[in-house]
Amino acid sequence: MNLFYSYSSLLGRRMVKCEWNLNQYICPSLSPLKTNSRNIKVFANSSEPNGASISVAGADGSWSSYLSRESPISGSMEQVMVEYVFGRKKATEVAHYVWKQVVQKGDAVVDATCGNGYDTLALLRMVADNAGRGRVYGMDVQKIALESTSSLLDQFASPDEKELVELFVMCHSQIEDIVPNDVAVRLVAFNLGYLPGGDKKLITRSETTVLALEAAKRILAPGGLISIVTYVGHPGGREEFEKIEGFASGLPVESWNCCKLQLLNRPLAPILIFLFKR
């Protein structure tokens, strides 16, 4: 899936034009569209008094209009994407909504770069069930990151939920060392770069990130997802993104759907990449 974004301002109104060239969505539940290729053009005008008016042109030239209210979103991926286009959702928030289309209660997931623990907590809430079957394997190369993650879990997770989380001070390239061989992993999440609030010189490196992706590919169950948020604004970030893009581009189309989400007029904005295993 290739997404192309352009932004413009006209007569003081916020206008957004999006064009999608869709071959396949990463998951059938994300859209009613099938596997046939089509182009969709979307024009959104946020000057509407009650929200944003959205006009969609189909492949046959017909148009449909919708109204996106300012009230809290319903949770549908389509609306989340519109919120992202309008600048009201961050890449990490979009990632969380995509995860919810894949992860189920009782699943095993991996947070390969825990950071301050926000992704770990989000994943825990997705997999935790009353039977205690879900599992979150979290890792980070920095001990201070796992201390922050543990502190966040202490605040917002119950003692029973915390029992479902295992944290390891290890490099993300060692994913296979923390997940038991008989465990089918539903999702592996990467939030790359440096630790927010930490030492900006300590960053993920392209060499170990590619090794981590290779390992994630091996442990991921069919129907699972590798989710990557990568940053290009720091030294080494652009190289890491290009290595990830090369890795994803080389995956066989018969067994993988790969896409990226990128803001074209914000060159330093986070880039979101999904690798869905059929």
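An unreviewed UniProt entry lists the protein under the name tRNA (Mnm(5)s(2)U34)-methyltransferase, chloroplastic, with Nicotiana tabacum as the source organism.

Draft legend 1. Just the pairing of strand β7 (residues 135–140), in detail. Burial runs high along β7: 5 of the 6 residues are buried. One ladder, built from 4 bridges, connects strand β6 (residues 108–111) with β7; its direction is parallel. Note that in β7 the partner of A108 across the bridge is R135. Sheet analysis places β7 next to strand β8 (residues 165–169), joined by 5 bridges and oriented parallel. When the bridges of β8 are listed, V136 appears paired with V165.

Draft legend 2. Quick look at helix α6 (residues 206–219). Its 14 residues place the ends of α6 20 Å apart at the C-alpha level, agreeing with the 20 Å of an ideal helix rising 1.5 Å per residue. If you check which residues of α6 are buried, you get S206, T209, A212, L213, A215, A216 and I219. Check the buried side of α6 and you find it contacts β6, β9 (185–191), β10 (220–230) and α7 (237–249).

Draft legend 3. Quick look at the environment of G236. Looking at where G236 falls in the secondary structure, it is placed in the loop between β10 and α7. Assessed through its relative accessible area of 34%, G236 is described here as partly exposed.

Draft legend 4. How the structure looks around the layout of surface pockets. As a volume, the largest pocket reaches approximately 1,000 Å³. N191, L192, Y194, P196 and Y231 are the residues nearest the centre of the largest pocket, which is lined by 43 residues in total. Elements with a minimum of two residues in the lining of the largest pocket: α1 (77–85), α2 (91–100) and α3 (118–127). With 4 residues, α2 is the largest single contributor of residues to the lining of the largest pocket. A per-class count over the lining of the largest pocket returns 20 nonpolar, 15 polar and 8 charged.

Draft legend 5. Region of interest: the pattern of salt bridges. Taken as a whole and judged by the stated rule, the model has 8 salt bridges. Of the charged contacts in the structure, one is a salt bridge between D107 and R186, with a shortest N-O distance of 3.4 Å. Note that D107 is positioned in the loop between α2 and β6 and R186 in strand β9, a separation of 79 residues in sequence. Residues K162 and D154 are paired through a salt bridge, measuring 2.3 Å at the closest nitrogen-oxygen approach. Judged by relative accessible area, K162 falls into the partly exposed class, the value being 25%.

Draft legend 6. The arrangement of the nonpolar core in detail. Membership of the largest hydrophobic core comes to 37 residues, with the highest contact counts inside it found for V94, W99, L123, L124, L187 and L225. In this view, L124 contacts V136, L153, A157, E161, L164 and V165; residues no more than four positions away in its chain are not counted. Residues Y137, F190, A216 and I228 belong to the second largest nonpolar core, which totals 31 residues.

Draft legend 7. Structural view of the state of the cysteines. If you walk through the whole model with that rule in mind, you get 0 disulfides. No disulfide involves C258; its sulfur sits 7.9 Å from the nearest other cysteine sulfur, which is in C259. Using a relative accessible area of 8% as the deciding quantity, one classes C259 as buried.

Draft legend 8. Just the sheet that holds β10, in detail. Spatial strand order, β8-β7-β6-β9-β10-β12-β11: 7 strands in an open sheet with mixed pairing. Looking at which strands have only one partner, the edges of the open sheet turn out to be β8 and β11 (256–261). Taking the axes of each pair of neighbouring strands and ignoring which way they run, one obtains an average angle of 10° across the sheet. Sheet strands touched by α3: β6, β7, β8 and β9. Its angle to β6, the strand with the most contacts, is close to 175°.

Draft legend 9. The arrangement of the packing of α3 against helix α4 (residues 143–156) in detail. Two elements in contact, α3 and α4, have axes separated by 9 Å at closest approach and are oriented at 45°. Taken together, the axes of α3 and α4 lie oblique to each other. Between α3 and α4 lies a crossing of right-handed hand. For the pair formed by α3 and α4, the contact residues are Y118, T120, L121, L124 and R125 on the first element and T149, L152, L153 and F156 on the second.

Conventions and cut-offs
Residues numbered from 1 in each chain as written. Predicted model: local features only at pLDDT ≥ 70, side-chain atom pairs only at ≥ 80, totals over all residues. Heavy atoms only, no water. Buried < 20%, exposed > 50% of the residue type's maximum accessible area, 1.4 Å probe, protein only. Helix = DSSP H or I, 4+ residues; strand = E, 2+ residues; numbered from the N terminus. Pairing = 2+ DSSP bridges. Expected span 1.5 Å × (residues − 1). Contact = heavy atoms within 4.5 Å. 1 Å grid on protein atoms, 1.4 Å probe; cavity = no way out; pocket = protein on both sides within 12 Å on 5 of 7 lines; lining within 4 Å. Points joined across faces, edges and corners; volume = space filled by probe spheres on them. Nonpolar A, V, L, I, M, F, W, Y, C, P; charged D, E, K, R; others polar. Salt bridge = Lys/Arg side-chain N within 4 Å of Asp/Glu carboxyl O. Core = buried A, V, L, I, M, F, W, Y, C linked by side-chain atoms within 4.5 Å. Disulfide = S-S within 2.5 Å. Axes fitted to C-alpha atoms, helices over the stretch in contact; angles between N-to-C directions. Parallel < 35°, antiparallel > 145°, perpendicular 65-115°, else oblique. Left-handed = near helix turned anticlockwise from the far one by under 90°.

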